[in-house]
Structures are given as structure tokens and as C-alpha cells.
Amino acid sequence: MRRKLVIGNWKMNGSRAGNTALLSGIVAGLNDFGADCAVCVPAPYLAQAQTELEGTAVAWGAQDVSIHASGAYTGEVSAAMLLDFGAQYVLCGHSERRAYHGESSELVAQKVVAALAAGLTPVACFGETLAQREAGETEAVICGQLQAVLDVLTPEQVAKVVLAYEPVWAIGTGKTATPQIAQAAHQFLRARLAQKNAAVAQNVQILYGGSMKPENAKELMAQPDIDGGLIGGAALNPTDFLGIIQAV
Ligand code: PEP
């Protein structure tokens, strides 16, 4: 039985004062809703997340990681540094990193490897653009993105990865994938995982991301292959974020 997981992706939002209000609101409102929960914060706020979340039921993580361990890589943040601040999760290959920073599927796969090597849980993100969906390429696109990761991991490593299906056309647009569309993509991804290892495929959590809100979360998360959510906009408001977790 896979546990549900809800992760907030703050993207490039936040301030020290605002973060305290958001985090304390989440911690105060969190009950045993039956799901794990985490926030992926901008790297400068990892120390704050550690201070304010340690000992609570909310885990924290980052939004990107370097493939390098250390050295002359200006601006990069290593997996060991994230771990140093108690991070548990790191997003790898979010569509905004792929689109605005030219991250290839091969680079994303190396980021997954770097995260695993440090003991972090990578959240590997996949998804098609609207043009790709309309051209009937959804399965080919997400299959290629997943395959790049599977190619560099053993089944034991795959078991430690979280996947996120995030159709690019649904991110930040208010256009959520229907539960049927999302379930079809999740089922497809799990079937591809099963080609690598059937037992592992049954245990890997696959999150849905793309304009998830308290109002649509319940139906999405009721789908058999949807194991939680990766939440952008709604993760910036404690009531909305808690509402999604509660929908589990
Ligand atoms: C995201 O950025 O991962 C995301 C799902 O954003 P939103 O919920 O705002 O669509």
C-alpha cells in the first residue's frame, strides 16, 4: 500500500517573515490526515525551514541540485549541502528548469543520481507541453523523460525515487488535468516502471502536479495510480495547502 505524499513547490517565492507565517500556519493546522507532507523551498530558506520545521510532521527540501559534489561551479548547490540543512526531498527536472535552463533528460537523470548518492529523495518530474499533447506525443515524451532516469538506476535505486507527472499545460494555468487524463499518464508511467521491475513499480509514489487545489484534489487523489500531489500556487497559502492534504 503506497502512502500518499503532498509536496509544496514554493518556486521563487517567499520572504523570511512570510515563510514563518506560512510554515506556522501549516504546522498548526496539520492533523493526522493520512498523508506525508513536505515543502520545497528556495535554497536560501533551507536553514529557516530546518529551524522552523524540525520536530514537526512537515519535511522540507529543495527545488534543484547540482550534479557535482563540490568545486568550481558558481551558483550551484550540492546534494550534500541540502542534506546539511536537513533536506529530505529535492525536485529534479521540474518543467521550469527544463524550459528556462535547458535541462535535458540526461542531466535530470544525473541530478537524480547525485541526490540518491547523498541520501536525498529525488522527485523526478515529467510532463508534456500542450503542443506535444495535441500532437499525440504525450506517452512518447514522458516515456523518454522517464527512460533517461531508469537507464542510470538499479531497481533498488528506483525504489527510492518519487515521480511527479506534471503536464506543462496544467502548471500555473488553472487548467487541471481531468482525473482520467492524469490517471492514464500515471498508469502509463507505472507500466514503464514495471518493465524495469514489477515489484518496485507497485511501490513507487507518483504525484500529480498542475493546478491542484482543495476543490479538485480529492477526485485526483482517488485515482488508483495517483499517490499525492506536487503543489505550486496553492502551496503558498496554508488553508489551500492543508485543504489539499486533507483531501487525501
Ligand atoms: C508546480 O510548479 O509544480 C505546480 C504544480 O504548479 P501549480 O500547482 O501552480 O500548477
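Starting afresh in each chain, residues are numbered from 1 along the sequence in its written order. Only residues with pLDDT of 70 or above have their local features reported here, since the model is predicted, and side-chain atom pairs are shown and tallied only from 80 upward, although totals for entire chains, interfaces and linings are computed over all residues. As a convention, hydrogens and water are excluded, and side-chain values are obtained from all of the structure's heavy atoms.

## A closer look at unusual backbone geometry
Among all residues save glycine, negative phi is the norm, and among peptide bonds the norm is trans. A positive phi angle is found at Lys11, which is not glycine, with a value near 50°. Located in the positive-phi region is Ser211, a residue other than glycine, with phi close to 55°. Helix and strand definitions follow DSSP, with helices as H or I runs of at least four residues and strands as E runs of at least two, each counted in order from the N terminus. Here Ser211 is to be found in the loop between β7 (206–209) and α11 (214–221). Only protein chains enter the accessibility calculation, which uses a 1.4 Å probe; a residue whose area is less than 20% of its type maximum is buried, one above 50% is exposed, and one in between is partly exposed. Ser211 gets classed as buried once you look at its relative accessible area, which sits at 15%.

## Overview of the nonpolar core
As used in this record, nonpolar core signifies buried Ala, Val, Leu, Ile, Met, Phe, Trp, Tyr and Cys residues forming a set joined through side-chain atoms within 4.5 Å. In this structure, Val39, Leu163, Leu193, Tyr208 and Phe241 are the most contacted members of the largest nonpolar core, which totals 68 residues. Residue contacts for Phe241: discarding those within four places in its chain leaves Val6, Ile7, Gly8, Ile26, Cys37, Ala38, Val39, Ile231, Ala234 and Ala235. Leu5, Ala38, Tyr89 and Val162 belong to the second-largest nonpolar core, a separate cluster that totals 13 residues. Contact definition: two residues touch when any of their heavy atoms are within 4.5 Å.

## Re the UniProt feature "active site" (unreviewed entry) in the protein chain
UniProt positions are given in the numbering used here, feature names are shortened, and annotations may be inferred rather than shown by experiment. Within this numbering scheme, the UniProt entry marks His94 and Glu166 as carrying the feature "active site" (unreviewed entry). For the residues just named, distributed over 73 residues, the greatest C-alpha separation is only 8.4 Å, placing them together at one site. By the element assignment, His94 lies in the loop between β4 (89–92) and α4 (95–100). Contact partners of His94, with chain neighbours within four places excluded, come to Asn9, Lys11, Cys125, Glu166 and Ile171. Positionally, Glu166 belongs in the loop between β6 (162–165) and α9 (179–196). The contacts of Glu166, once residues within four sequence positions are left out, are His94, Cys125, Phe126, Gly127, Ile171, Gly209, Gly210 and Leu230.

## A short note on the UniProt feature "binding site: substrate" (unreviewed entry) in the protein chain
In this structure's numbering, the residues bearing the UniProt feature "binding site: substrate" (unreviewed entry) are Asn9, Trp10, Lys11, Gly172, Ser211, Gly232 and Gly233. These residues run over 225 residues, yet every pair of their C-alpha atoms falls within 13.8 Å of each other. Relative to the helices and strands, Gly232 is located in the loop between β8 (228–231) and α12 (238–247). Not counting residues up to four positions away in its chain, the partners in contact with Gly232 are Asn9 and Lys11. Inspection of the secondary structure puts Gly233 in the loop between β8 and α12.

## A short note on the site of the ligand
Near is defined per residue: the residue qualifies when any heavy atom it owns lies within 4 Å of the molecule or strand. The immediate surroundings of the ligand are formed by 14 residues, with Lys11, Glu166, Gly172, Ser211 and Gly233 found nearest. Between the ligand and Glu166 there is a distance of 2.6 Å, counted from an oxygen atom to a side-chain nitrogen or oxygen. In protein, a polar contact means a hydrogen-donor-capable atom and an acceptor-capable atom, both N or O and within 3.5 Å, with residues adjacent in sequence counting only if both atoms are side-chain atoms; elsewhere, any N or O pair within 3.5 Å suffices. Here Ser211 contributes a backbone N or O atom positioned 2.7 Å from an oxygen atom of the ligand. Computed on the free molecule, the ligand has an accessible area of 290 Å², of which 96% lies beneath the protein chains in the complex. The residue makeup of the shell around the ligand, split by class, is four nonpolar, eight polar and two charged. Using a 1.4 Å probe, the Shrake-Rupley method yields the accessible areas, and only the shown protein chains count as cover for residues. Residue polarity follows a fixed list, in which Ala, Val, Leu, Ile, Met, Phe, Trp, Tyr, Cys and Pro are nonpolar, Asp, Glu, Lys and Arg are charged, and the others, Gly among them, are polar.

## Things to note about the sheet that holds β7
Strand pairing follows a simple DSSP-based rule, namely that at least 2 bridges must link the two strands. On the basis of which strands lie adjacent, the closed barrel formed by eight strands has the order β1-β2-β3-β4-β5-β6-β7-β8 and parallel pairing. Taking each pair of neighbouring strands and ignoring which way they run, the sheet shows an average axis angle of 30°. Pairing geometry for β6 and β7, over three bridges, is parallel. In the sheet register, Ala164 faces β7, and the bridge partner there is Leu207. For every element, the axis is a line fit to its C-alpha atoms; helices are fit only across the contacting stretch, and the angle between N-to-C directions ranges from 0 to 180 degrees. Where helix α2 (residues 46–53) meets the sheet, its contacts fall on β2 (35–40) and β3 (58–62), and the angle it forms with β3 comes to roughly 170°.

## Details of the environment of Gly229
By the element assignment, Gly229 lies in strand β8. Overall, Gly229 belongs to the buried group, its relative accessible area being 0%. Dropping the residues within four chain positions of it, Gly229 is found in contact with Leu5, Val6, Ile7, Leu207, Tyr208, Met212 and Met221.

## Quick word on the packing of aromatic side chains
The relation between two aromatic rings is expressed through the spacing of the ring centres and the mutual angle of the planes. Whether two aromatic rings pair depends on their centres lying within 6.5 Å, for rings of Phe, Tyr and Trp, where Trp uses its six-membered ring; planes under 30 degrees apart make the pair stacked, over 60 edge-to-face, and the rest tilted. Following the criterion strictly, the structure yields one aromatic pair and no others. Arranged with centres 6.5 Å apart and planes meeting at 50°, the rings of Tyr165 and Tyr208 form a pair that is tilted. In this pair, Tyr165 is assigned in strand β6 and Tyr208 in strand β7, connecting sequence segments 43 residues apart. In terms of burial, Tyr165 and Tyr208 fall into one category: buried.

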